[in-house]
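Structural features, examined
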Amino acid sequence: MDFENTFLYFFSTIPQVLSGLIALLGVFVLFKFQSIKSAIVSFGRQTLDYLDEDFILKISDDHINSMKKNLQHGIVRNDQETVASQVSGINTQLKKNVDTNSLTKHQESILWKINHNNEIQFNCLTLYNTISGRTKIILLNSGIVIILSLIFLLIVPILTSEGTCLLYPFVGAGIILIWFGYCIVETIKIIKTSINRDY
């Protein structure tokens with residue numbers, strides 16, 4: 001009976017702790033995603049302002065004009081994917097169409113800023129995809145650990161009954177404990193990444 005109570009406590013605690021960690025992780029990840037989206041849209045708005053420079057307006061490239069309109073729509077809709085892709089496209093087209101030899105220092109500075117905005121947005125999207133991918137993996141692993149813990153919780157009375165080998169619940173508890181530790185370590189890593197404001 002002592003073993004049974006111990007295992008019941010162990011297998012009932014694991015799901016509760018993991019559920020709390022998942023909720024905490026969700027808060028940090030959602031905050032980070034919102035921060036990334038705001039940064040991408042902000043740099044897109046900044047790029048749009050740079051495109052109003054006189055020397056940019058003289059470029060009669062249909063691709064740039066079309067991407068500029070799409071960028072405006074992306075900013076209005078707060079669509080980070082559209083904003084980032086349009087800034088990247090505009091940056092590429094400017095490199096192709098602008099004669100850098102005839103630019104003033106101010107114009108060179110504007111082109112550098114647009115290119116810099118593009119790099120920052122790329123880093124933002126990379127970070128977004130990294131956090132998103134790692135979070136999905138943790139959620140999947142945590143879900144499996146919770147389900148296994150609940151299954152063991154139901155069969156603990158059978159596994160600890162007289163005449164049954166106690167090795168099975170110990171092996172099960174060991175596997176779940178290692179898996180649980182992995183989930184905690186990875187969750188902490190994602191939270192630390194979410195707190196970091198560098199892109």
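So, here is what we can say about the structure in this document. (Residues numbered from 1 in each chain as written. Predicted model: local features only at pLDDT ≥ 70, side-chain atom pairs only at ≥ 80, totals over all residues. Heavy atoms only, no water.)

1. Topic: unusual backbone geometry
- A positive phi is found at N78, a non-glycine position, where the angle reads about 60°.
- With a relative accessible area of 35%, N78 lands in the partly exposed category. (Buried < 20%, exposed > 50% of the residue type's maximum accessible area, 1.4 Å probe, protein only.)

2. A short note on the packing of aromatic side chains
- Scanning the entire structure with this criterion turns up 5 aromatic pairs.
- Here the aromatic rings of F7 and F170 are separated by 5.0 Å at their centres, their planes lie at 80°, and the arrangement is edge-to-face. Remark: F170 occurs in helix α6 (residues 167-195) and F7 occurs in helix α1 (residues 2-50); sequence separation between them is 163 residues.
- The buried category is assigned to F7, whose relative accessible area is 4%.
- Aromatic side chains F10 and F11 sit 5.1 Å apart centroid to centroid with 75° between the ring planes, which places their arrangement in the edge-to-face category.
- Taking relative accessible area as the criterion, F11 reaches 0% and is therefore assigned buried.
- Taken together, the ring pairs in this structure connect F7, F10, F11, F152 and F170 into an aromatic cluster. (Phe/Tyr/Trp six-rings, centres within 6.5 Å; stacked < 30°, edge-to-face > 60°. Helix = DSSP H or I, 4+ residues; strand = E, 2+ residues; numbered from the N terminus.)

3. What to know about the environment of F152
- You can see F152 is positioned in helix α5 (residues 105-159).
- Note on F152: relative accessible area 18%, which makes it buried.
- For the pair F152 and F7, spaced 145 residues apart in sequence, the C-alpha to C-alpha distance is 8.6 Å.
- Those residues in contact with F152, other than ones at most four positions away along the chain, are F11, L159, Y168, G172 and I176. (Contact = heavy atoms within 4.5 Å.)

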